[in-house]
Structures are given as structure tokens and as C-alpha cells.
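Here is how the chains run, residue by residue.
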Amino acid sequence: MHENRETSETPTAQPGRRSAGEGQSHKARVHVYEESHSGILPMNHSNKDGTSPAESGEGRPLIKENAGQPNTYSTQSGKGVSQGLAGVRKAARENKEIKFTALLHHLTVDLLRESFYSLKRKAAPGVDGVTWQGYENGLEDRLTDLHGRVHRGAYRAMPSRRVYIEKADGRQRPLAVPAIEDKLVQQAVVTILNQIYEEDFLGFSYGFRPGRSQHQALDALSYALLKKKVNYVLDADIRGFFDNLDKSWLVKFVEHRVADPRILRLIQKWLNAGVMEEGKWSETQTGSPQGSVISPLLANIYLHYTFDLWVNVWRQKWAHGEVVVVRYADDVILGFQHQADADRFLENLRERLGKFELELHPDKTRRIEFGRFAEQNRKRRGEGKPDTFDFLGFSVLQKHTEKEFNMN
């Protein structure tokens, strides 16, 4: 595996500062409760070491040349964000309790244009049948009209077109195909919200984030297995995560940082737009349609509050040994030094997820003995070789040497 390098490090938060016009400071309404199974939403972070929890990654240590936070930040297309969005990011970094009350004015015609050109040009059309190439005809007039409708509140989200793809086990996975205008407005909102949440998300979260990749998640896992005190692995599978996340909880989570009612209404429009299948519209009671542009960010926000912050507290307060975490969207692997920690965590995790309308898949979630010394320990007890587990489509195998693992 190649090196995984954490590429940014945020300064110590300064709760007393605020950015004029960007938001208002407020006292945290929820705190990390010291019961591992609490349903209370964790918000406050310990910052005794002077580093932001947003970069507490599980992989290799920060290296000097990549440790600094850049002065400009890239959007999905790789271009630097506007000065106004850079101000949003600065405010989010400096005050972890600020609620942003004025965000929609950052959704400009320029941002819509950039969002349009960042979309996949060969993607299938939505229910309106409009392709990327078709929308590009008369683009400037279309963007001006769309910008006006969004800011007047006249923009209406269309239902997504329901399609199915076959999974590895032969089952069908439902996907949502949004209309082109919904895609580009969602992309613009994602660009805005990323300025906030990229300062909040923790370092062990890799999925669908700017500058992060599956390769980095795999490298972080490899590093943890080789260098950390991992003797047991918990492969946690959240059953039907995208289909079952609770919309009301999701909106509450977003409201911790976003207080612009126009942004919140846009998110609710997308969540409630429903799907079209064979000409019939149906409402989606739960979930965020998998396949929409904004769905990965909403999923990360949901898991940030239900899982990431909680597990970070759990391993500090309750674990007796080392605990490492690597999460890519809803694909989660945890490593434990002690079996008792792994078993207790699994029990607490089931309770935790249940409070937010989620559950672990009983057949796909398992705790196995795995790590540098697993094979020799099992051999000494007269047991067979360690089991394998899958992560991001790779099967992780224990090799005969203590210094190497295979990912096939």
C-alpha cells in the first residue's frame, strides 16, 4: 500500500470569535454524555492537545510538508472557492458552535455554472428526460432563470427516476436518478456546506469527501493492522443505511450548524420529492435517495452525529485498550486490542444505532480475531487460521508473516 497522508490540520478552535454576517454563536445545546449508550447528541469536543478532532485520523501521522491548512479550498471541480466561501470555512474552523444563518447568497450563477460543469456529462437523465448536453444549450439563460427561482423560493425539486442495479449477491439495489437541475443545485449546496463540514468531520471518515479516497481508507486500515495494537476486528454492516436513515433526525443534525431556513427548505424539498417508477410517483418515508448528488454528504452528516462523535468518546471513556476506526460512508471497520472491548462495543453500538432508527445487519456484522499475532495465537490454541473480512470490495487476508496482510 502507498502512504496515506493526512493533508490538513486545523488550528485550535477559538469559541469567542465570529465572522460578521455568517452566523451567530450559541451555547451548545447538547453534550457528550458519559454513558456509552446515550441517545443524547454529542457536540462538544475535547481539545486538550491543541489539534482539531476533525483531523484525528487513524492512518499515518501528519507529515511536515502537508500539515498546514491551505489558504484556499478546492471545489468538486478542483477550482478554488470564492472569498465568501473561504470566509464560511474560516468561521466554521474557528468556532465549532456557530450556526450559519446566511448561506444561500453564496449560491450564485457562477457557482451554478461551475456545478453544472462538474457533473458527469454522460449520466442518465432524470424524469424530465433532459440530458447534460441538452441543458447546455442556452445554458446562461437557464442558469439565470434557475438562480432566480432558487432565491425567490419558486424552485421545485422533481421526483427522482427509480432504477435498479444488481448487487454482488444477486439482489437489486434501488438507485435514484435526479433531474439535471436538481443535480446542479444540489452540487452547489454541497460546495457551500462542505466549507462547514470539512472542518467538523473526523479524520477516520473517508467516504465521498473532497481530497479523500478509497485508497486512503484502505491505506489507513493497512497501517492500523500493521502498527496499532489490533487483535480483533469488528466488521459492522448497517442494514439498508441509505434507505432507513430518519429524515427528522437528519434535519435536526443539519440544524446544529445550519440555521439558514432557505438551505434547510432546499434539503427538505429533496428529501420529500419522492421517486417515479414506471410512471407512478411514490413518497419515500425514510432515507436519502442513493444516487442523488447531495445524498453522500447527508449520509456523512447523519453518521457524524450518530456514530463518529460517539465512537470517539466511547474509546476514550470506556475502552481498556486501543481502538481504531476506519469509515467509508456506511462501510465501517473497527480494530480492538482486547476482545472484551470489542464485545462490549458491539452491544453498545446496537443500542446506539437503535436510537436513530438504524440497526446492524445480524448476518453481515461480525467480530473476528485478526491482527499481527492472530495466526500464532490461534495456532497455539489449536485453532484454524484467522477469518477474512471485506472492506470496499477487497478481501483482507492474514498472511503467514506478522508484517503483512493481503487485500485482494
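Note: the structure precedes this text.
Thresholds, definitions, all that
Residues numbered from 1 in each chain as written. Predicted model: local features only at pLDDT ≥ 70, side-chain atom pairs only at ≥ 80, totals over all residues. Heavy atoms only, no water. Salt bridge = Lys/Arg side-chain N within 4 Å of Asp/Glu carboxyl O. Helix = DSSP H or I, 4+ residues; strand = E, 2+ residues; numbered from the N terminus. Buried < 20%, exposed > 50% of the residue type's maximum accessible area, 1.4 Å probe, protein only. Phe/Tyr/Trp six-rings, centres within 6.5 Å; stacked < 30°, edge-to-face > 60°. Lys NZ or Arg CZ within 6 Å of the ring centre and 35° of its normal. Core = buried A, V, L, I, M, F, W, Y, C linked by side-chain atoms within 4.5 Å. Contact = heavy atoms within 4.5 Å. Pairing = 2+ DSSP bridges. Axes fitted to C-alpha atoms, helices over the stretch in contact; angles between N-to-C directions.

1. Description of the pattern of salt bridges
Counted under the stated rule, the structure contains 14 salt bridges. Across the pair R209 and E198 runs a salt bridge, and its minimum N-O distance is 3.0 Å. You can see R209 sitting in the loop between helix 5 (180-197) and helix 6 (214-227) and its partner E198 sitting in the loop between helix 5 and helix 6, a full 11 residues away along the chain. Residue classification places R209 among the buried residues on the basis of a relative accessible area of 4%. For E198, a relative accessible area of 7% gives the class buried. A cluster of three or more residues bridged by salt bridges with shared partners is formed by R89, R93 and E199.

2. Quick word on the packing of aromatic side chains
The full count for this structure, using the stated rule, is 16 aromatic pairs. The interplanar angle of 80° and the centroid separation of 5.0 Å between the aromatic rings of W314 and F345 together place this pair among those described as edge-to-face. Of this pair, W314 sits in helix 10 (residues 295-317) while F345 sits in helix 11 (residues 339-354), placing them 31 residues apart in sequence. Overall, F345 belongs to the buried group, its relative accessible area being 0%. Sitting over the ring of Y135, R142 keeps its end group 4.9 Å from the ring centre. When the ring centre of Y206 is taken as reference, the NZ or CZ atom of R212 above it lies at 4.9 Å.

3. Some thoughts on the nonpolar core
Where a protein is soluble and globular, its nonpolar side chains tend to be buried together. Ranked by internal contacts, the top residues of the largest apolar core, which has 79 residues, are L193 and F345. If you tally residues by element for this core, the top one is helix 10, at 12 residues. Setting aside chain neighbours within four positions, we find F345 in contact with L234, F307, W310, V311, W314, L334 and F336. Counting residues in hydrophobic clusters, the runner-up holds 20 residues, among them A217, V230, A329 and V396.

4. Remarks on the sheet that holds strand 7 (residues 280-282)
Read across the sheet, 4 strands follow the order 4-3-6-7 without closing on themselves; strand pairing throughout is mixed. A strand with exactly one partner marks an edge of an open sheet, and here the two such strands are strand 4 (172-177) and strand 7. Strand after strand, the sheet turns through a mean of 45° between neighbouring axes, direction not considered. When strand 6 (residues 275-277) meets strand 7, the two strands line up antiparallel, connected through 3 bridges. Residue V275 lies in a different strand from strand 7, and its bridge partner there is S282.

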